[in-house]
Amino acid sequence: MAFAAPHPAPPKHLDRLTASYAFSHETVFADLRLAAMKREREPSSKAYRQDRFENTERAAKETIEAEQRARREKTKRLKELRLSQQGAKNPAIK
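Residues numbered from 1 in each chain as written. Predicted model: local features only at pLDDT ≥ 70, side-chain atom pairs only at ≥ 80, totals over all residues. Heavy atoms only, no water.

### Comments concerning the overall build of the protein
Okay, so step 1: When helices and strands are counted, the protein shows two helices and zero strands.
Okay, so step 2: Looking at the protein residue by residue over its 94 residues, the buried ones come to 1%.
Okay, so step 3: Total accessible area on the protein is roughly 9,600 Å²; 59% of this is exposed by carbon and sulfur atoms. (Helix = DSSP H or I, 4+ residues; strand = E, 2+ residues; numbered from the N terminus. Buried < 20%, exposed > 50% of the residue type's maximum accessible area, 1.4 Å probe, protein only. Areas by Shrake-Rupley, 256 points an atom, 1.4 Å probe, with all protein chains shown as cover.)

So, in structure tokens, the structure goes:
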């Protein structure tokens, strides 16, 4: 009993069709990308830009304040811990 090849080679004309389809497919997407790059963007309103700027500024300010608050709290905790450890070593300080 002879075994057939698992996948016979496709006819040559199908390879050419597939190649031309792939080429045209890529060309279509390239054309769409080019059109999107050339298209004028919607002008953004001054109010929108100002609002976005203010939101960014507010978020940055809040982040900086939160970091400073966390740093102060950490310093306070470490100072309290250090004092409590010193007090345990030397009860005469109290």
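### As for a positive patch on the surface
Okay, so step 1: There is a patch of like positive charges on the surface, built from Arg41, Lys46, Arg49 and Arg52.
Okay, so step 2: With respect to the helices and strands, Arg41 occurs in the loop between helix 1 (12-38) and helix 2 (46-89).
Okay, so step 3: Given a relative accessible area of 76%, Arg41 falls into the exposed group. (Patch = residues over 30% accessible without salt bridge, like charges linked within 9 Å, V, L, I, M, F, W, Y side chains within 5 Å. Salt bridge = Lys/Arg side-chain N within 4 Å of Asp/Glu carboxyl O. Lys, Arg positive; Asp, Glu negative; His and termini not counted. Charge placed at Lys NZ, Arg CZ, Asp CG, Glu CD.)

### Examining a nonpolar patch on the surface
Okay, so step 1: Together, Val28, Phe29 and Leu32 make up a nonpolar patch on the protein surface, roughly 280 Å² of accessible area in all.
Okay, so step 2: Note on placement: Leu32 falls in helix 1.

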